[in-house]
Amino acid sequence: MPIGPAGGAALRFLATLLNARTVVEIGSGCGVSGIWLLRGMAKDAVLTSVDVDHENQRLAKLAYREAGLGTSRTRMIVGRALEVLPRLTDGAYDLVFCDADKREYPEYLDAALRLLRPGGVMAFDNALWHDRVADPAHRDPETEAIREVNRLVREDERLVPMLLPVGDGLLCAVKRD
Ligand SMILES: C[S@@+](CC[C@H](N)C(=O)[O-])C[C@H]1O[C@@H](n2cnc3c(N)ncnc32)[C@H](O)[C@@H]1O
């Protein structure tokens, strides 16, 4: 499921506000969120997009091309997020967008804290997870992990959090200086 138009517009807004030059996307999918991000990023900026699925990345590249976004604007990395993210440079990114395996969201939070520069922003899609997060009857691993990341972000003194109720919920947080 790609991000919806409201979530996409929020990502474009954040990328523009930050004048983002370096962005990491965890979960390229077929390129929808990448296009929103790239449309907000600086013209010479590069989106680093990670996905475990080779075919999805092929489709994402096609979508970027059809959207008129040149190949120099993207660095596509095929691999499992938790194996790829440790290879990326600490403190070098303006924005980290997380939208891959929901069960790994708490680990993506650790990675985002390491990758972001002070003042950088992280964003997690599906923070409401189809209204399951707010319903204690749901205790499946995805819902529990998203609940956990919402709590961790809210309680972390290094972060300034905001849960945007757009689409399926976009949990955002600024990394303090
Ligand atoms: C919801 S889709 C991403 C949608 C995309 N962000 C968009 O809005 O257009 C999730 C993607 O994460 C990828 N994925 C799932 N588990 C992953 C993992 N452990 N590491 C990297 N990518 C993963 C899937 O292959 C899929 O393409």
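Up top is the structure.
Worth saying up front: this structure is predicted, and the values here are computed from it rather than measured. Numbering of residues starts from 1 in each chain and follows the order in which that chain's sequence is written. Per-residue local features are limited, in this predicted model, to residues with pLDDT of at least 70; the limit for side-chain atom pairs, both in listing and counting, is 80 or more; totals at the level of whole chains, interfaces and linings are taken over all residues. Where side-chain values are given, they derive from all heavy atoms of the structure, hydrogens and water being excluded.

A.B. asks: When you look at unusual backbone geometry in this model, what are you seeing that I'm missing?
C.D. replies: Glycine aside, a negative phi is what most residues show, and trans is what most peptide bonds show. Despite not being glycine, Trp 129 has its phi angle at roughly 45°, a positive value. The cut-offs for exposure are 20% and 50% of the maximum accessible area for each residue type, with area from a 1.4 Å probe on protein chains only; residues under the lower value are buried, those over the upper are exposed, and the others partly exposed. With a relative accessible area of 13%, Trp 129 lands in the buried category. Of note, Asp 131 is a non-glycine position whose phi angle comes to about 70°, a positive value. Secondary structure counts use DSSP, requiring at least four H or I residues in a row for a helix and at least two E residues in a row for a strand, with both numbered from the N terminus. Within the secondary structure, Asp 131 sits in the loop between strand E5 (116-125) and helix H6 (141-155). Note on Asp 131: relative accessible area 60%, which makes it exposed.

A.B. asks: Please clarify how the pattern of salt bridges should be interpreted in this entry.
C.D. replies: Side-chain pairs of opposite charge can arise whenever the charged atoms involved come near each other. When a carboxyl oxygen of Asp or Glu is within 4 Å of a side-chain nitrogen of Lys or Arg, the pair counts as a salt bridge. Enumeration according to the criterion identifies 13 salt bridges in this entry. We note a salt bridge from Arg 80 to Glu 104, for which the minimum N-O separation is 3.5 Å. In this pair, Arg 80 is assigned in the loop between strand E3 (74-78) and helix H4 (81-84) and Glu 104 in the loop between strand E4 (93-98) and helix H5 (105-115), connecting sequence segments 24 residues apart. The partly exposed category is assigned to Arg 80, whose relative accessible area is 41%. Across the salt bridge formed by Arg 151 and Glu 148, the nearest N and O atoms sit 3.2 Å from each other. Of this pair, Arg 151 and Glu 148 both sit in helix H6, three residues apart, which is roughly one turn of that helix. Overlapping salt bridges, with partners in common, bring together Asp 101, Arg 103 and Glu 142 in one network.

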